[in-house]
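Working through the structure, step by step
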Amino acid sequence: MNGPAAARLYDEHVDAIYSYAARRVGPDAAVTVVENVFEHALRRNAERPAHTASDLGWLLAMATAFLRRHSETECRRLRTWEPTQRDTSRAIPRVSDPLLSNDAEDPTVTLTTSVMAAVADLEPVERDVLFLVAWEGCSSGLTATATGLQQNEIRPLLSRLRKEIRRSVATTTSPETSIDTSIDADATEPLDLSDDSLTALSWPSDPDPDPDGDAT
Amino acid sequence: MNPVQVIEAARPEVGMMPSIDRRHLRERIFDVAMRAQSEHGPVDVASPNTRAANALRLAALGLLGATAVGGLLYSASRDTPGTRATPAPATAPVATSPSDPVLDTVAQAPVPTLAPTTTIAPVAGSDQSPLLLPPERNRLDALTVTRAQLGASALMLRAPDLSTISLFEVDGLAPEPDVVQDGDGEQDNDTEQDSDTTTPPPRQFSGIAVDQPAEDTPGRYRVQTPCGTVDVLDVAGRPQYRAEIVQLFDAIRVVDGTLVIDLPENWGAISSGPSTDEFIFGLPVDIDGRRVTITLAQYPGGSIAFAANDQLQYSPATFNGETAWLARDADDPALFDVVSMVGTTAIRVTASGISLAEAETVVSELTPGDLDEWTNRFGTLPVDVDPDIRTCVDQPEFRLD
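In this text, all values refer to a predicted model and were calculated from it rather than measured experimentally. (Residues numbered from 1 in each chain as written. Chains lettered and ligands numbered in written order. Predicted model: local features only at pLDDT ≥ 70, side-chain atom pairs only at ≥ 80, totals over all residues.)

Some points on the overall build of chain A
The line we're drawing: Per the convention used, a helix needs a DSSP run of H or I reaching at least four residues, while a strand needs a run of E reaching at least two, with both numbered from the N terminus.
Of the regular secondary structure elements, chain A holds eight helices and zero strands. Ordering the α and β elements of chain A from the N terminus gives α-α-α-α-α-α-α-α.

The structure is reproduced here in structure tokens:
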């Protein structure tokens, strides 16, 4: 890959890779991940698996692998999840009058915190699938490419994860939290799992293990 | 709400990657790609190491071996005493099945050509490589590109007292007449000076009228012209309308917008040239264990006059063997600006706390490059060039008589 082609690849995908990494491990570590991904992409371009159909899938696969080095950071963020991490600039302003507020914890916040803590206890590849689908909106094919799983494994895995998280949350939250514990909830999952002729990428769990990283 | 929907709802909104990181990384990526290309040459990524490809390679090796053995046997059978047979070229067709690929196993001598066989190194400041780019993976402190101003040009003069004076003209509209408030609150367009305003009247010379320098811009004179603007820049601390400035203004007349300058005796024109695009980067370098930032401004196709268009006092110098003009800050002598030419590109180097020789070394180690390399490394150029508003006929320009 020559210089201009590398620059084009970077310009086209740097935002997507950075956003993916920043959502999971924060902005500082995300810059490191982006750097790792693109340098690795250029050095290993000749070894790129022929069946990685899209550049984005290939780069997401590397980003997912490099994010493993920051698993500790990610899990710490998930276990200490702060609702302020979400940009609420477009949300309806919350009432700030102290007379109108109460001291009770917001059940939605409590639920989210419990779910995130449960996600932190999942296997890394399970977190990868969850975040690629839920946060990045990846199709099953792209998720498979990015995680090295088979495409037909994604949907069953998601279904299993939903149940597992429900069980985990049920043991830690009060009954008034509104998580749907019915099995039928799986059928209403609004994810787009229909598309894609992409096939799975067999990508190593870490393309270039870094002894200095904070991977667990 | 199921857990995936909870996670979806908690999706953090992250901003863009910080621009300095984004830019620095882009430079590194480009650098890695260029290094890989120069070290290893182009890589055929369309030929994966598959079993089929390996079979083809084995077949080709087999054919080569069979051809070599056949050639040796053939040449041995043709040997006669007293003669040394030259091995016949192995052009005999090798029996292949119809499905086998046809392989050319004959080593062909290169066809004579007049084309150059060596790569010509890019020349700094040439038409092909007008820019200088940092060779290493440095994090640049500053990076700006400013497009040329339409119809602008600069002229740099040297007075008999060896002071330098810069002139700069920009095309534009006709100057608006002064707007004066009448007592009844209506506005009158009146070129006469109103008694309430503090702006002094323009000073008349033999061929031109000159606005007085404003209090906040001492040493900056504006010559009145039918269209656009013409500024004459003297060093800020010098007396207003000093003798050399008066001598210069007396030597200028405006003819249909053109400033005709009949240079007096002992005056010299150092340089002149049009406005060109300006490329600036600040390069941090380590010199004797100290981190110093050298700012390099480049003007492809530009001139010393345009690169040194300011109110500094320049003295002649040399920079990497080229004629240069050096200005040292009166308050901070360690800070200097040096303006010179690299081929057809004017450069301006600004640094503090290093010697001119050290600045020469840094600049000489920069890599020649073209506009494409700049945009590949640092991103696209700004496209917002000034709109052409030159409806006024008598646009200013300089002419030395």
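As for the overall build of chain B
The following threshold applies: Around each residue's C-beta, the other C-beta atoms within 10 Å are counted; 20 or more make the residue buried, 12 or fewer make it exposed, and counts in between make it partly exposed. All C-beta atoms are placed from the backbone.
Within chain B, the secondary structure is distributed over seven helices and 21 strands. In chain B, buried positions account for 28% of the 401 residues.

Digging into the nonpolar core
For clarity, the cut-off: Remark: nonpolar core denotes a set of buried Ala, Val, Leu, Ile, Met, Phe, Trp, Tyr and Cys residues whose joining runs through C-beta atoms within 7 Å. In this entry, domain limits derive from an automatic or database-based domain assignment.
Ranked by internal contacts, the top residues of the largest apolar core, which has 61 residues, are A:Ala21, A:Val33, A:Val34, A:Val37, A:Ala63 and B:Ile29. The biggest single contributor to this core is helix H1 (residues 3–25) of chain A, with eleven residues. Each of domain 1 (1–71) and domain 2 (104–192) of chain A gives at least three residues to this core. Grouped together as the second largest cluster of nonpolar side chains are 57 residues, B:Met156, B:Leu233, B:Ala327 and B:Leu366 included.

Side note on helix H7 (residues 140–147) of chain A
Residue and element names in this part refer to chain A. Using the following cut-off: Each residue gets a C-beta atom placed from its backbone, and two residues are in contact if those atoms lie within 7 Å.
Of all eight residues in H7, eight are buried, a share of seventy percent or more. Every buried residue of H7 is accounted for by Ser140, Gly141, Leu142, Thr143, Ala144, Thr145, Ala146 and Thr147. In this structure, the buried side of H7 is in contact with helix H3 (55–67), helix H6 (124–134) and helix H8 (151–170). Just past H7, the residue Gly148 takes up positive phi, approximately 85°.

Quick look at the environment of A:Tyr10
As for its placement among the helices and strands, A:Tyr10 is situated in helix H1. A tally of 24 C-beta atoms within 10 Å means that A:Tyr10 is categorised as buried. In the structure, A:Tyr10 is positioned 24 residues away from A:Val34 in sequence and 9.6 Å away in space, judged by C-alpha atoms. If sequence neighbours within four positions are ignored, A:Tyr10 has contacts with A:Phe38, B:Arg26 and B:Ile29.

Some thoughts on the packing of H6(A) against H7(A)
The axes of two packed helices give the description: the angle between them and the distance between them. Residues and elements named next belong to chain A. Keep this limit in mind: Orientation is described by axes fitted as lines to C-alpha atoms, over the contacting stretch for helices, and by angles from 0 to 180 degrees between their N-to-C directions. Handedness of each helix crossing follows the sense of rotation of the near helix against the far helix: counterclockwise by less than a right angle gives left-handed, clockwise gives right-handed. Residues are grouped as follows: nonpolar covers Ala, Val, Leu, Ile, Met, Phe, Trp, Tyr, Cys and Pro; charged covers Asp, Glu, Lys and Arg; every other residue, Gly included, is treated as polar.
Orientation of H6 relative to H7, taken along the N-to-C sense of each, is 145°, at an axis distance of 10 Å. Classified by chirality, the crossing of H7 by H6 is right-handed. Within the contact between the two elements, H6 uses Val125, Asp128, Val129, Leu132 and Val133 and H7 uses Thr143, Ala146 and Thr147. Among the residues forming the contact of H6 with H7, the class breakdown is five nonpolar, two polar and one charged.

Concerning the sheet that holds strand E14 (residues 278–287) of chain B
Pairing between the strands of a sheet is mediated by backbone hydrogen bonds and can be parallel or antiparallel. Residue and element names in this part refer to chain B. Filter applied, for reference: Pairing between strands is defined by DSSP: at least two bridges between the two strands are required.
Strands sit in the order E2-E14-E15-E19-E18-E17-E16 across an open sheet of seven strands; the sheet is antiparallel. The strands lining the two open edges of the sheet, one partner per strand, are strand E2 (142–146) and strand E16 (315–319). Along the sheet, successive strands turn relative to each other by an average axial angle of 25°, direction set aside. In terms of strand pairing, E16 meets strand E17 (residues 322–328) through five bridges, oriented antiparallel. Each residue of the ladder has a partner; that of Thr318, found in E17, is Thr323.

A look at unusual backbone geometry
Residues and elements named next belong to chain B. Phi is positive for Tyr241, close to 50°, though the residue is something other than glycine. C-beta crowding within 10 Å serves as the criterion here: with 15 such atoms nearby, Tyr241 is assigned to the partly exposed category. Located in the positive-phi region is Asn320, a residue other than glycine, with phi close to 50°. Along the chain, Asn320 falls in the loop between E16 and E17.

Concerning the sheet that holds strand E12 (residues 258–261) of chain B
All names here are of chain B. Spatially, E11-E12-E21 is the arrangement adopted by the three strands of the open sheet, whose pairing is mixed. Looking at strand neighbours, the two that pair on one side only are strand E11 (252–255) and strand E21 (397–400), the edges of this open sheet. Ignoring which end each strand starts from, the neighbouring axes of this sheet average 30° apart. In this structure, E12 lies alongside E21, joined through four bridges in parallel fashion. Residue pairing for E21: Val260 is matched across the bridge by Arg399.

Some thoughts on the environment of A:Arg69
The topology assignment puts A:Arg69 in the loop between H3 and helix H4 (71–79). Remark: the alpha-carbon pair of A:Arg69 and A:Val33, spanning 36 residues in sequence, is separated by 9.0 Å.

Some remarks on the pairing of strand E10 (residues 229–233) of chain B
Strand residues, when the strand is regular, have side chains that alternate between the two faces of the sheet. All names here are of chain B. In the sheet, strand E4 (residues 164–170) pairs with E10 via five bridges, with the strands oriented antiparallel. What sits directly across from Ser166, in E10, is Leu233. Bridge count between strand E9 (residues 220–223) and E10: four bridges; the pairing is antiparallel. Bridge pairing links Val223 to Val230 in E10. Hairpin geometry of E9 and E10 is characterised by an intervening segment of five residues between the two adjacent antiparallel strands and by a positive phi of about 65° at Gly228.

Concerning the packing of H7(A) against H8(A)
Residues and elements named next belong to chain A. Our working rule: Note that the term roughly parallel is reserved for angles under 35 degrees, roughly antiparallel for angles over 145, roughly perpendicular for angles of 65 to 115, and oblique for everything else.
Following both chains from N to C, one finds H7 and H8 inclined at 100°, their axes separated by 8 Å at the closest point. The angle between H7 and H8 falls in the class roughly perpendicular. Together, Ser140, Gly141, Thr143 and Ala144 of H7 and Gln151, Ile154 and Arg155 of H8 make up the contact between the two elements. Split into classes, the residues belonging to the contact of H7 with H8 amount to two nonpolar, four polar and one charged.

Describing the confidence of the model for chain B
All names here are of chain B. Definition in use: The pLDDT value tells you how sure the predictor is about a given residue, anywhere from 0 up to 100.
Averaged over every residue, the pLDDT of chain B is 77; residues scoring 70 or more account for 71%. Long-range and interchain partners of residues 75–112, a stretch whose pLDDT sits below 50, account for 26 contacts in this model, where long-range means more than four residues apart. Long-range and interchain partners of residues 179–185, a stretch whose pLDDT sits below 50, account for seven contacts in this model, where long-range means more than four residues apart. Confidence estimates for the predicted assembly give a pTM of 0.53 and an ipTM of 0.72.

Comments concerning the confidence of the model for chain A
Residues and elements named next belong to chain A. When pLDDT is averaged across chain A, the result is 74; 64% of the residues are at 70 or more. Element-level pLDDT for chain A is lowest in helix H5 (residues 107–120), with a mean of 85, against a maximum mean of 94 in H6. Here residues 181–206 is a poorly scored stretch, pLDDT under 50, and it has 50 contacts once near neighbours within four places are set aside; other chains count. In the predicted structure, residues 208–216 sits below a pLDDT of 50 and forms twelve contacts with residues beyond four places in sequence or in another chain.

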